[in-house]
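Topology and contacts: notes
What follows is each chain in one-letter form.
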Amino acid sequence: MLEKLNFTSIWTDWDFIIVPASSSQISGAKEVKLSVFAHAMMARHSSSLKAVAEALSEPLKVQD
């Protein structure tokens, strides 16, 4: 069932809440690594919001 879902990992090296920041990576997910400073900025930075919008607008995978 999970292979029918789209996964996107949006993260930054500068996250000091998620330690290590690379633990935000998900095997098999599309990875979007941003140059946003600090965890709190990820929720409101324009590049983060754009990445979320793009991830949510991706078409669903075709079911067999």
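Structure first, text after, so check above.
For the structure given in this document, a descriptive report is provided here. (Residues numbered from 1 in each chain as written. Predicted model: local features only at pLDDT ≥ 70, side-chain atom pairs only at ≥ 80, totals over all residues. Heavy atoms only, no water.)

1. Structural notes on the overall build of the protein chain
For the protein chain, the count of helices and strands is 2 helices and 2 strands. Order of helices (α) and strands (β) in the protein chain, N terminus to C terminus: β-β-α-α. Its C-alpha atoms give the protein chain principal-axis dimensions of roughly 40 × 25 × 15 Å. The buried share among the 64 residues of the protein chain stands at 20%. The contacts in the protein chain between residues at least 6 apart in sequence include a share of 33% that link residues at least 24 apart. For the protein chain, the exposed surface amounts to about 5000 Å²; the carbon and sulfur share of it is 61%. (Helix = DSSP H or I, 4+ residues; strand = E, 2+ residues; numbered from the N terminus. Buried < 20%, exposed > 50% of the residue type's maximum accessible area, 1.4 Å probe, protein only. Contact = heavy atoms within 4.5 Å. Areas by Shrake-Rupley, 256 points an atom, 1.4 Å probe, with all protein chains shown as cover.)

2. Examining the nonpolar core
Residues Val32, Leu34, Val36, Met42 and Ala51 constitute the largest nonpolar core, which totals 5 residues. Contacts of leucine 34, omitting those with residues within four sequence positions, involve Ile10, Trp11, Thr12, Asp13, Met42, Ser47 and Ser48. (Core = buried A, V, L, I, M, F, W, Y, C linked by side-chain atoms within 4.5 Å.)

3. Digging into the environment of serine 47
Inspection of the secondary structure puts serine 47 in helix 2 (residues 46–57). The exposure class of serine 47 is partly exposed, given its relative accessible area of 26%. In this structure, the C-alpha to C-alpha distance between serine 47 and threonine 12, residues 35 residues apart in sequence, is 11 Å. Once residues within four sequence positions are removed from consideration, serine 47 is found in contact with Leu34 and Val36.

4. A look at the packing of aromatic side chains
Going through the model one piece at a time under the given rule, you end up with 2 aromatic pairs. Where phenylalanine 16 meets phenylalanine 37, the ring centres are 5.8 Å apart and the plane angle is 70 degrees; that geometry is what we call edge-to-face. One end of the pair, phenylalanine 16, is in the loop between strand 1 (8–12) and strand 2 (30–34); the other, phenylalanine 37, is in the loop between strand 2 and helix 1 (39–42), with 21 residues separating them in the sequence. The exposed category is assigned to phenylalanine 16, whose relative accessible area is 53%. Given a relative accessible area of 53%, phenylalanine 37 falls into the exposed group. Put simply, the rings of Trp14, Phe16 and Phe37 pair up and form one aromatic cluster. (Phe/Tyr/Trp six-rings, centres within 6.5 Å; stacked < 30°, edge-to-face > 60°.)

5. Quick word on the pattern of salt bridges
Evaluation of the coordinates by the stated rule reveals 3 salt bridges. The partner of aspartate 13 in a salt bridge is lysine 33, and the shortest N-O contact between them spans 2.9 Å. With aspartate 13 in the loop between strand 1 and strand 2 and lysine 33 in strand 2, this residue pair connects regions lying 20 residues apart in the sequence. Take lysine 33: its relative accessible area is 48%, and that puts it in the partly exposed class. (Salt bridge = Lys/Arg side-chain N within 4 Å of Asp/Glu carboxyl O.)

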